[in-house]
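Here is what each chain is made of, one letter per residue.
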Amino acid sequence: MEGLVLFNALVTRLLFFLHSLVGVWRVAKVYEEPMYLLLSLLTLLLFLETALTLKFKRGRGYKWFSPAIFVYLINIVPSLWILEVHHGTQSYSSQSEGMSQNTSSKEDLNQTLMSSEHTSGGDGLFETARVFIQNLSEVPEKDWTLALHQTLLLMLIIGRWLLPIGGTITRNQLSELLLMFVGTAADILEFTSETLKEKNVRNNPALVYAILFIWTWGLLQFPLDLAVQHDVCPSSLRARAFPSLLFCQYSADLWNIGITVFIQDGPFLTVRLVLMTYFNVINQMLVFFAVKNFLVVVLHLYRLVILVLAVRAALQSQPQVLRGEHSGPAEAAERGVSPGDWERGSKEGVAMPLRGSPVTSDDSYPTP
């Protein structure tokens, strides 16, 4: 079992490493500047995280947080930022030229594949691989950037699935978390693809930076496991004040609401509203997803109100004796009870269990 845990931990981090190198290679290829290969030095953080995890956790995960996914985001996000900014500086009219280049490259690849069938087995295989790599480098920048966005989200989901779980998260919670990640990844991919494809957005570098910042902010929810951590509330906390009971009983729900409102749907809704109202960028998909974000935020706030009312009702339904045990003379005076009466009442309440119960059974009397 320990060997399987180590294998999954190493394979997942190897996939993260290779995908990060592909992003760095693409940046250096687009700019034709070897200096950008220095971005690969960020992968040293991944090696450091791997060594620390193997030494202290034996490959297993941590509670509430995944350092491997966080370090992977540090490795790949700068490359995508650079590619998106570079794509924004290019002329929007070059799309047709890129499509024609893509078509010609596909034709060249097909011709090469057909010609390789007539060559020997070994030489044909190497020639096909060489041409395939060459045609990959000739794929338009827009398609490459979109492919990196898509594979990033797939790697986050598959990597979280393969990573060994910690001692505090169960398989059931992991499956719930992965299902949440699938929906989150779809929303994030749609947010970047639908907003950054607009010409008015591409012509405004500040707006591109703002969208990329919100996109990066949304990715930070993937290293977190807080939305599925259902902790058991101790009985000693159930008689405490309202905030303690609320955070104790519904911590996972509150984290889920906070992530939705402040990390994903809330910021996405803000950006879409700004695009529609200030920049006059209006299309059918933008309006639809703005309404969707609005409904999600409203439903989560409604969920928060329901949780608050449930906790308040639970506190009000507690026996008056339990609340009286935690009250003092000052609180009794506020309710109109004198301190002397409060002291006598408390003493009587303590003496009550010491009283003997009345004898009601005839068997307790001696028989004549």
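Residues numbered from 1 in each chain as written. Predicted model: local features only at pLDDT ≥ 70, side-chain atom pairs only at ≥ 80, totals over all residues. Heavy atoms only, no water.

Student: Just checking my understanding: could you explain unusual backbone geometry for this structure?
Tutor: Trans is the prevailing form of peptide bonds, just as negative phi is the prevailing case for residues other than glycine. Residue E32 is not a glycine yet carries a positive backbone phi of 55 degrees. Examined against the element boundaries, E32 turns out to sit in the loop between α1 (2-31) and α2 (43-56). A residue is classified by how much of its surface remains accessible, and E32, at 66% relative accessible area, is exposed. The phi dihedral of N280 is positive, around 55 degrees, even though this residue is not glycine. Tracing the sequence through the fold places N280 in the loop between α11 (251-277) and α12 (284-316). Residue classification places N280 among the exposed residues on the basis of a relative accessible area of 60%. (Helix = DSSP H or I, 4+ residues; strand = E, 2+ residues; numbered from the N terminus. Buried < 20%, exposed > 50% of the residue type's maximum accessible area, 1.4 Å probe, protein only.)

Student: I tried to follow the pattern of salt bridges on my own but got confused; where do I start?
Tutor: Where charged atoms from two side chains of opposite charge approach closely, those side chains can pair. Overall, the coordinates contain seven salt bridges when judged by the stated rule. Put simply, R13 and E49 hold a salt bridge, and the shortest N to O gap is 2.9 Å. One end of the pair, R13, is in helix α1; the other, E49, is in helix α2, and 36 residues separate them in sequence. The exposure classification of R13 matches that of E49, with both residues buried. D265 is the partner of K292 in a salt bridge, and the nearest nitrogen-oxygen pair spans 3.5 Å. Taken together, the residues K292 in helix α12 and D265 in helix α11 connect sequence positions 27 residues apart. Overall, D265 belongs to the buried group, its relative accessible area being 4%. (Salt bridge = Lys/Arg side-chain N within 4 Å of Asp/Glu carboxyl O.)

Student: So what exactly am I meant to see when it comes to the packing of aromatic side chains here?
Tutor: For any pair of aromatic rings, the description rests on two quantities: the centre-to-centre distance and the angle between the ring planes. Summed over all chains, the structure comprises 10 aromatic pairs. Here F181 and F222 contribute two aromatic rings whose centre-to-centre distance is 4.8 Å and whose plane-to-plane angle is 55 degrees, an arrangement assigned as tilted. A residue pair is termed long-range when its members are at least 10 positions apart, and F181 in helix α7 (residues 171-196) and F222 in the loop between α9 (205-219) and α10 (242-249) qualify at 41 residues. For F222, a relative accessible area of 0% puts it in the buried group. (Phe/Tyr/Trp six-rings, centres within 6.5 Å; stacked < 30°, edge-to-face > 60°.)

Student: Looking at this structure, I do not really get the nonpolar core. What am I missing?
Tutor: Soluble, globular proteins show a tendency: their nonpolar side chains are buried together. Membership of the largest hydrophobic core comes to 46 residues, with the highest contact counts inside it found for L152, L156, W215, L219 and F222. For this core, the secondary-structure elements that each account for two or more residues are α1, α3 (67-89), α6 (141-162), α7, α9, α11 and α12. In terms of residue count, the dominant contributor to this core is α3 (10 residues). L245, L246, V261 and L307 belong to the second largest nonpolar core, which has eight residues in total. (Core = buried A, V, L, I, M, F, W, Y, C linked by side-chain atoms within 4.5 Å.)

Student: Would you mind showing me how to read the confidence of the model for the protein chain here?
Tutor: Detailed reading of predicted coordinates is not advised where the pLDDT is low. Scored by pLDDT, the protein chain comes out at a mean of 78, with 71% of its residues at no less than 70. Mean pLDDT per element in the protein chain: helix α13 (residues 320-325) is the minimum at 47, and α9 is the maximum at 94. Low pLDDT, under 50, characterises residues 95-106; the stretch is placed with six contacts to residues that sit more than four places away or in other chains. Note on residues 345-368: pLDDT is under 50 here. Beyond four places in sequence and across chains, it has one contact. (pLDDT = per-residue confidence, 0-100. Contact = heavy atoms within 4.5 Å.)

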